[in-house]
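As a plain string of letters, each chain reads:
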Amino acid sequence: VDPNFTTVMLRNIPNKYTTKMLLAVLDRRFAKQYDYVYLPVDFVNHCNVGYAFINFRTVESYRRFINTFDGISVCECLPGLNSRKIVEVTPARVHGLTENVSRLRDSPVMHELLQHPDWMPSHGAIIGQTWGIKVTGRDQYGNQLEEEAGVDELGADNLPCGGATDRKSTRLNS
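Residues numbered from 1 in each chain as written. Predicted model: local features only at pLDDT ≥ 70, side-chain atom pairs only at ≥ 80, totals over all residues. Heavy atoms only, no water.

Draft legend 1. Spatial organisation of the nonpolar core. Ranked by internal contacts, the top residues of the largest apolar core, which has 24 residues, are I54, F65, F69 and L78. Elements supplying a minimum of two residues to this core: β1 (7-11), α1 (19-30), β2 (34-38), β5 (51-56), α2 (59-69) and α3 (74-77). With five residues, the top contributor of residues to this core is α1. If near-sequence neighbours (up to four positions away) are discounted, I54 is found in contact with T6, T7, V8, L10, L26, Y34, Y36, V37 and F65. (Core = buried A, V, L, I, M, F, W, Y, C linked by side-chain atoms within 4.5 Å. Buried < 20%, exposed > 50% of the residue type's maximum accessible area, 1.4 Å probe, protein only. Helix = DSSP H or I, 4+ residues; strand = E, 2+ residues; numbered from the N terminus. Contact = heavy atoms within 4.5 Å.)

Draft legend 2. Quick peek at unusual backbone geometry. With a phi angle near 70°, N12 is a residue other than glycine that sits in the positive phi range. The backbone of H46 sits at a positive phi, close to 60°, despite the residue not being glycine. In this fold, H46 is placed in the loop between β3 (41-42) and β4 (47-48).

Draft legend 3. Quick look at the side chain of S61. Examined against the element boundaries, S61 turns out to sit in helix α2. Under the relative-accessibility criterion, S61 is labelled buried at 9%. With residues up to four places along the chain from it excluded, the contact list for S61 reads F30, Q33 and F56.

Draft legend 4. How the structure looks around the packing of aromatic side chains. Scanning all chains against the criterion turns up six aromatic pairs. Each ring, one from F30 and one from F56, has its centre 5.7 Å from the other, and the planes form 65°; the classification is edge-to-face. Residue F30 is located in helix α1, and its partner F56 is located in strand β5; the two are separated by 26 residues in the primary sequence. Both residues of the pair, F30 and F56, count as buried. With a centroid separation of 5.1 Å and 40° between ring planes, the pair formed by F56 and F65 is classed as tilted. (Phe/Tyr/Trp six-rings, centres within 6.5 Å; stacked < 30°, edge-to-face > 60°.)

Draft legend 5. The environment of S83, seen in detail. Mapped onto the fold, S83 is located in the loop between α3 and β6 (88-91). In this structure, the C-alpha to C-alpha distance between S83 and S73, residues ten residues apart in sequence, is 8.2 Å. In this view, S83 contacts P14, V74 and C75; residues no more than four positions away in its chain are not counted.

Draft legend 6. Main features of the state of the cysteines. Tallied over the full model, the rule gives zero disulfides. In this model C75 remains outside any disulfide bridge; the closest cysteine sulfur is found in C77, 9.0 Å from its own. The exposure class assigned to C77 is buried, which follows from its relative accessible area of 4%. (Disulfide = S-S within 2.5 Å.)

Right, here's the structure in full:
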């Protein structure tokens, strides 16, 4: 494992699993050890696409997560739904909070995410601060975009990760 890796891709998540369910599982074993969770959603079917990205604050937490979840039955490690899937944990291509946020900020799905606050990633922001994500470009229909995602758009359920409100905030703009 690369000593700088901190972000995992958690695969084989049941499609009906929600971000709230995933955060509850993470908080039981990894509270305050992660700062970014993104469970991508299929915009047509309104269910997750079967994987999530989780960034850990330390390499140690990252390694412990892999050892805890990789190769384990979904029923054991992601309770709440009946599934025969086996969880797979792999290193993500992008690592670190800033890098993950930058990648998402610059992606074409950002406009759609702004329309659905419950689909936005969860992160360690403090209420009252903005994501600082300014979205420019064009949506899938060719319309010009320029929007800023603030904490109000994220919703209280997504703030902050790990349940702490006193942690240092991370300003997410460049």
